[in-house]
Amino acid sequence: MIMSRKSTIITVEPPSYTTSAEKLEITGVECPYCLGRGVWHEQVGYNQYADYTCGVCKGHKKIKAVITIDWVPDE
Ligand SMILES: [Zn+2]
């Protein structure tokens, strides 16, 4: 099954100001592990449920990409 998805294209260009590194963040990406739920409940006994917090998004439902680009001499 092909599902629609959101993608981000990054254009990498050398900065016009003096810097050795730049950092980009792509935020608001739905967590693919918990499908944006953050937590889920599992029945462990009669009327007993255990709550699990998603280990990927830590319950925040969304994740972000932190991208660091290092500009160094091309030796
Ligand atoms: Zn998650």
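Residues numbered from 1 in each chain as written. Predicted model: local features only at pLDDT ≥ 70, side-chain atom pairs only at ≥ 80, totals over all residues. Heavy atoms only, no water.

Student: Just checking my understanding: could you explain the overall build of the protein for this structure?
Tutor: Each helix and strand counted, the protein has zero helices and four strands in total. In the protein, the order of α-helices and β-strands from amino to carboxyl end is β-β-β-β. In terms of its C-alpha atoms, the protein occupies a principal-axis envelope of roughly 65 × 30 × 20 Å. Looking at the 75 residues of the protein, the share that counts as buried comes to 12%. Put simply, of all contacts in the protein between residues at least 6 apart along the chain, 56% involve residues at least 24 apart. A total accessible area of about 6800 Å² is found for the protein, and carbon and sulfur atoms account for 52% of it. Across the protein, the 8 positively charged side chains and the 9 negatively charged ones have centroids separated by 12 Å. (Helix = DSSP H or I, 4+ residues; strand = E, 2+ residues; numbered from the N terminus. Buried < 20%, exposed > 50% of the residue type's maximum accessible area, 1.4 Å probe, protein only. Contact = heavy atoms within 4.5 Å. Areas by Shrake-Rupley, 256 points an atom, 1.4 Å probe, with all protein chains shown as cover. Lys, Arg positive; Asp, Glu negative; His and termini not counted. Charge placed at Lys NZ, Arg CZ, Asp CG, Glu CD.)

Student: Got a minute to help me understand the coordination of the zinc ion in this structure?
Tutor: The textbook angles at a metal center are 109.5 degrees for a tetrahedron of four donors and 90 or 180 degrees for an octahedron of six. In the first shell of the zinc ion, the protein supplies Cys-31 (SG), Cys-34 (SG), Cys-54 (SG) and Cys-57 (SG), at 2.3 Å from the metal. Within one chain, the residues donating to the zinc ion are spaced in sequence as C-x2-C-x19-C-x2-C. (Donors = N, O, S within 2.8 Å, 3.2 Å for Na, K, Ca; no water.)

Student: It is not clear to me how unusual backbone geometry should be interpreted in this structure. Could you clarify?
Tutor: Most peptide bonds are trans, and most residues other than glycine sit at a negative phi. Even without being a glycine, Leu-35 presents a positive backbone phi close to 55°. Relative to the assigned elements, Leu-35 resides in the loop between strand E1 (21-30) and strand E2 (39-45). Exposure remark for Leu-35: the relative accessible area of 53% places this residue in the exposed category. At Lys-61, a residue that is not glycine, the phi angle is positive and equals roughly 75°. Of note, Lys-61 is situated in the loop between strand E3 (48-53) and strand E4 (62-70). When its relative accessible area of 43% is taken as the criterion, Lys-61 is described as partly exposed.

Student: Hey, could you run me through the environment of Glu-42 in this one?
Tutor: Along the chain, Glu-42 turns up in strand E2. On the basis of relative accessible area, Glu-42 is assigned to the partly exposed category, the value being 40%. Each C-alpha atom, one on Glu-42 and one on Tyr-52, is 7.8 Å from the other, the two residues being 10 residues apart in sequence.

Everything listed here is a matter of geometry and, on its own, says nothing about what the molecule does.
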